[in-house]
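Observations on the three-dimensional arrangement
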Amino acid sequence: MKLVHDWLGPLELPDTAQRIVSLAPNVTETLFALGLGERLVGRSAFCYRPAATLSLPVVSSYTRVRWELLESLKPDLVLISTGVQRELLFELHRRGFPIFPIPLPQSPYGILENIAVLGALLEATEAATGLCARLSERYGALYKALPPLRVYLEFDLGGPITVGRGSYVGEALRYLGLQNIFAEHPQSYFQPDLAEVARRGPELVIYEPKPHRSRPLEKAQRLLAERGWCFPLVVTGGDELAHYGPLFFDYLEALVGQIRALLPA
């Protein structure tokens, strides 16, 4: 297969890749959702969805690769994301690995686009089209599902990170009917001024902890108390809104349910 990638220029990849290494959690989950999980021979440490992924060799963190292990797996295709993996994808390309980068989406529709791209790349177009149709229908049902509450979203990424203009998460919040207090901020992802958060007076805080943390709600409540905040709080399960694979739509539906449970009857 010969194609031209926006970042890497002309690429020549296998017509039917059979030994795939995925270094991006969204890609790994999508391959299993398309029925292609048996083609995976390696993953990143952050690829843990679905559970079947865990039996695969760990080739990388998010930005560092175990080069000898990767070479020993003899992949005929390495799939990676853009965003923070930008430098790694260029290094993989320089070393001659057959690589195809999947872009960081700027809206939930970008998640669907990535599914379609992977389907075309791996001769699974019908499965990809069907998956996109089902997810699109579910996403459509969430339009304006919530009242226009002013919200502050915080990811725990070793410190607080929130979203501004041009992020798929911010666009998803707007689509649900919510009003991100930093919607006009010129950076997609940035470290907020916590005093500014308080000044903007959100009506709801959505907090996403690191995954696999015990008692995340209690810890989030304690964190807000330490800041002197008394805002209503919703806590995700961790690495949900920050995950842009097909399960993002499940997590978005769960978020709507959590927020509705806080609203007056």
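Our subject in this report is the structure included herewith. Please read these numbers as outputs of a predicted model, since none were measured by experiment. Throughout this description, residue numbers start from 1 for each chain and increase along the sequence as written. With the structure being a predicted model, the display of local features is reserved for residues of pLDDT at least 70 and the display and counting of side-chain atom pairs for 80 or more, all residues being used for whole-chain, interface and lining totals. The side-chain quantities take in all heavy atoms of the structure and omit both hydrogens and water.

**Some remarks on the overall build of the protein chain**
Working definition: helices are DSSP H or I runs of at least four residues, strands are E runs of at least two. Numbering for both runs from the N terminus. Of the regular secondary structure elements, the protein chain holds nine helices and 13 strands. Its C-alpha atoms give the protein chain a radius of gyration of 19 Å, within 12% of the compact-globule value 18 Å for 265 residues. Considered along the principal axes of its C-alpha atoms, the protein chain spans approximately 55 × 35 × 35 Å. The 265 residues of the protein chain split such that 50% are buried. Between two residues, a contact is recorded if the distance between any of their heavy atoms is within 4.5 Å. Intrachain contacts of the protein chain at a sequence separation of at least 6 include 61% that bridge at least 24 residues. Per element, the accessible surface of the protein chain, about 12,500 Å² overall, is 53% carbon and sulfur. Computed over 26 positive and 28 negative side-chain charges, the separation of the two mean positions in the protein chain equals 5 Å. Here the globule rule is a power law, 2.2 Å times the number of residues to the power 0.38, and the radius of gyration is based on C-alpha atoms. For each residue, the accessible area found with a 1.4 Å probe, counting protein chains only, is set against the maximum for its type, and the residue is called buried under 20%, exposed over 50%, and partly exposed in between. For every accessible area listed, the method is Shrake-Rupley and the probe measures 1.4 Å; residues are considered covered only by the protein chains on display. His residues and chain termini do not enter the charge count, which takes Lys and Arg as positive and Asp and Glu as negative. The location of each charge is read from NZ of Lys, CZ of Arg, CG of Asp or CD of Glu.

**Describing the sheet that holds strand β3 (residues 20-22)**
By this definition, two strands are paired if DSSP reports at least two bridges between them. If you walk across this open sheet you meet the five strands as β5-β4-β3-β6-β7, and the pairing is parallel. Of all the strands in the sheet, the pair left with one neighbour each is β5 (58-60) and β7 (99-102). Along the sheet, successive strands turn relative to each other by an average axial angle of 25°, direction set aside. As defined by bridge partners, strand β6 (residues 77-81) adjoins β7 across four bridges and the pair is classed as parallel. Note that in β7 the partner of Ile-80 across the bridge is Pro-101. Each of β6 and β7 touches helix α4 (residues 108-121); the most contacted strand, β7, lies at about 160° to it. Convention adopted: a line fitted to C-alpha atoms gives each axis, helices being fitted over their contacting stretch, and angles between N-to-C directions are expressed from 0 to 180 degrees.

**What about the pattern of salt bridges?**
Any Lys or Arg side-chain nitrogen found within 4 Å of a carboxyl oxygen on Asp or Glu counts as a salt bridge. Tallying each qualifying case throughout the model produces ten salt bridges. Between Arg-49 and Asp-239 there is a salt bridge, with the nearest N and O atoms lying 2.7 Å from each other. Of the two residues, Arg-49 is situated in the loop between β4 (40-44) and β5 and Asp-239 in the loop between β13 (233-235) and α9 (248-262); the sequence distance between them amounts to 190 residues. Each member of the pair Arg-49 and Asp-239 is classed as buried.

**Concerning unusual backbone geometry**
Note: most peptide bonds trans; most residues except glycine with negative phi. Omega for the bond connecting Arg-49 with Pro-50 falls within 30 degrees of zero, at -10°, which places this linkage in the cis form. The phi dihedral of Lys-74 falls on the positive side, at around 50°, and the residue is not glycine. Mapped onto the secondary structure, Lys-74 falls in the loop between α2 (67-73) and β6. The class of Lys-74 is exposed, set by a relative accessible area of 61%. Of note, the phi angle at Arg-215 is positive, near 45°, even though the residue is not glycine. Inspection of the secondary structure puts Arg-215 in the loop between β12 (204-208) and α8 (216-227).

**Section: the packing of aromatic side chains**
Each Phe, Tyr or Trp ring, with Trp reduced to its six-membered ring, pairs with another whose centre is within 6.5 Å; inter-plane angles below 30 degrees give stacked pairs, above 60 give edge-to-face pairs, and intermediate values give tilted ones. Within this structure, the stated rule accounts for twelve aromatic pairs. When the ring of Tyr-152 is compared with that of Phe-182, the centres are 6.3 Å apart and the planes differ by 70°; the resulting orientation is edge-to-face. You can see Tyr-152 sitting in strand β8 (residues 150-156) and its partner Phe-182 sitting in the loop between β10 (179-180) and β11 (189-190), a full 30 residues away along the chain. One aromatic cluster is present, formed by Tyr-109, Tyr-139, Tyr-143, Tyr-168, Tyr-175, Tyr-244, Phe-248 and Phe-249 through successive ring pairs. In our convention, an over-ring charge means Lys NZ or Arg CZ found within 6 Å of a ring centre and within 35 degrees of that ring's normal. When the ring centre of Trp-67 is taken as origin, the NZ or CZ atom of Arg-95, which lies over that ring, is 3.8 Å away. In this arrangement the basic side chain of Arg-227 is found over the ring face of Trp-229, its NZ or CZ atom lying 4.9 Å from the centre.

**A short note on a positive patch on the surface**
To count toward a patch, a residue needs a relative accessible area over 30% and no salt bridge; like charges are then connected within 9 Å, while nonpolar side chains (Val, Leu, Ile, Met, Phe, Trp, Tyr) are connected within 5 Å. Where like charges cluster on the molecular surface, the positive patch consists of Lys-210, Arg-213, Lys-219 and Arg-222. Inspection of the secondary structure puts Lys-219 in helix α8. Since its relative accessible area comes to 38%, Lys-219 is described here as partly exposed.

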